[in-house]
Amino acid sequence: MARKSSKKAAKPSKSGSRAGVGWRKLFRTRWAQRVAVVGLVILVGMPLTFTLLYSVLPVPATPLMVARLVEGEGWSHDWVPLEEISPSLRFAVIAGEDNLYCAHNGFDFESLQAAWQEWQAGQGTRGASTISMQTAKNLYLLPMRSLLRKGIEAYLTVYLEILLSKPRILEIYLNIAEMAPGVYGAEAAAQHHFGKTAAQLSEREAALIAAVLPNPRRWSAGQPTNYIAGRASTLQRRIHQLGPLLDCAR
């Protein structure tokens, strides 16, 4: 009969167990730190860097332009300085998209509150985005509709308002906004619709371009419907009523 061993099975030492737990904690801590750094770069570093670049450089492309190109649409986009865009178009866009653009800090809180209340009541949403918010969206995001996207848009708007002047934000908007299928910016739109430069646009032509901005894929400034023609006339009248509210676009 075999003897029973008097030696007990060796147990792992407490020090070794503690060392294993320590390494795992250290790994998790370092992994969390890396994730935090990457998140910080994405949330702060990228918007900060690109917004600073766009404070002095033309915007070569936007996510929307690339997405439309992939979908098979054309790409007509010619950057021009703000002074080479007809004042009539600058004024008409403010009259149509954001009457208080020169006065607010990026957000029209009364319009946002009204839009939120309508959404809660199940009545859809009204257009509450300012020109600054639309510029942030056009510059950095794809046109998806969600509360998350609106939140990101608002966050990016803060960068634009802090780092850029009002004329510069307007200049960027007028150079990257979609103004017809595959047509982006004032210069390309003026050539596409009227066969002239953005600087040569008349008050009526500028009002027609501004009138289609809410849905440039459905409406045409060059072939306006009765609705667009009437909306353009409304914008022309409103321009003369805004007075000093247009000062930042002069």
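Everything that follows concerns the structure shown earlier in this document.
Note that the coordinates shown come from a computational prediction; the quantities given were computed from them, not determined experimentally.

Peer 1: Could you give an account of the state of the cysteines, naming the residues involved and the relevant values?
Peer 2: For the coordinates displayed, the defined rule picks out one disulfide. Through a disulfide, Cys-102 is tied to Cys-248; the S-S separation comes to 2.0 Å. Between Cys-102 and Cys-248, the S-S torsion sits near -75°, and that sign places the bridge as left-handed. With Cys-102 in the loop between helix 3 (87-97) and helix 4 (109-120) and Cys-248 in the segment after helix 10 (226-242), this residue pair connects regions lying 146 residues apart in the sequence. Overall, the relative accessible area of 22% leaves Cys-102 in the partly exposed class. Cys-248 sits in the buried class, given a relative accessible area of 15%.

Peer 1: Before we move on, can you summarise helix 10 with the specific residues and values?
Peer 2: Taking 1.5 Å of rise per residue, 17 residues should cover 24 Å, and helix 10 covers 25 Å from first to last C-alpha, within 8% of that figure. For helix 10, the complete set of buried residues consists of Ile-228, Arg-231, Ala-232, Leu-235, Gln-236, Ile-239 and Leu-242. With its buried residues spanning 150° around the axis, helix 10 presents them on a single face. Summarising the geometry of helix 10, the exposed residues directed more than 90 degrees from the buried face are Asn-226, Arg-237, His-240 and Gln-241. Buried residues along helix 10 sit against helix 3 and helix 9 (203-211). Looking one or two residues past helix 10, Gly-243 carries a phi angle of roughly 55°, positive in sign.

Peer 1: Go over the pattern of salt bridges, please, and point to the residues and values.
Peer 2: Pairing is possible between side chains of opposite charge, provided their charged atoms come close. Across all of its chains, the model carries ten salt bridges by this definition. In this structure, Arg-68 and Glu-71 form a salt bridge, with 3.8 Å as the shortest nitrogen-oxygen distance. For Glu-71, a relative accessible area of 57% corresponds to the exposed category. Residue Arg-217 pairs with Glu-73 through a salt bridge whose shortest N-O separation is 2.3 Å. Placement of the pair is Arg-217 in the loop between helix 9 and helix 10 and Glu-73 in the loop between helix 2 (63-70) and strand 1 (76-77), with a sequence separation of 144 residues. We classify Arg-217 as partly exposed; its relative accessible area is 35%. For Glu-73, a relative accessible area of 19% translates into the label buried. Here the salt bridges do not stand alone but share partners, grouping Arg-68, Glu-71, Glu-73, Glu-178 and Arg-217 into one network.

Peer 1: Could you give me a rundown of the side chain of Glu-187, with the residues and numbers involved?
Peer 2: Its location among the elements puts Glu-187 in helix 8 (residues 186-194). Despite being buried, Glu-187 has no salt bridge partner; Arg-90 is the closest side chain of opposite charge, sitting 11 Å away. Setting aside chain neighbours within four positions, we find Glu-187 in contact with Asp-78, Val-80, Thr-197 and Ala-198.

Peer 1: Please set out the environment of Ser-86 residue by residue, giving values where relevant.
Peer 2: Of note, Ser-86 is situated in the loop between strand 1 and helix 3. Along the sequence, Ser-86 and Glu-187 sit 101 residues apart, while their C-alpha atoms lie 9.9 Å from each other. If sequence neighbours within four positions are ignored, Ser-86 has contacts with Ala-198, Ala-199 and Leu-201.

Peer 1: So what's going on with the environment of Gly-230? Residues and values would help.
Peer 2: Position of Gly-230 relative to the elements: it lies in helix 10. Take Gly-230: its relative accessible area is 34%, and that puts it in the partly exposed class. Spatially, the C-alpha atoms of Gly-230 and Leu-208 are 9.4 Å apart, while their sequence positions differ by 22 residues.

Peer 1: Give me the lowdown on helix 7 (residues 166-176), citing residues and values where you can.
Peer 2: When you tally the buried positions in helix 7, you get ten out of eleven residues, the bulk of the element. What helix 7 keeps buried is the set Lys-166, Arg-168, Ile-169, Leu-170, Glu-171, Ile-172, Tyr-173, Leu-174, Asn-175 and Ile-176. Measuring from the side-chain oxygen of the N-cap residue of helix 7 to the backbone nitrogen of Arg-168 gives 3.2 Å; that N-cap residue is Ser-165.

Reading the values: the criteria
- Residues numbered from 1 in each chain as written.
- Predicted model: local features only at pLDDT ≥ 70, side-chain atom pairs only at ≥ 80, totals over all residues.
- Heavy atoms only, no water.
- Disulfide = S-S within 2.5 Å.
- Helix = DSSP H or I, 4+ residues; strand = E, 2+ residues; numbered from the N terminus.
- Buried < 20%, exposed > 50% of the residue type's maximum accessible area, 1.4 Å probe, protein only.
- Expected span 1.5 Å × (residues − 1).
- Arc of directions from axis to C-beta.
- Contact = heavy atoms within 4.5 Å.
- Salt bridge = Lys/Arg side-chain N within 4 Å of Asp/Glu carboxyl O.
- Lys, Arg positive; Asp, Glu negative; His and termini not counted.
- Polar contact = N/O pair within 3.5 Å; in protein donor to acceptor, adjacent residues only side chain to side chain.

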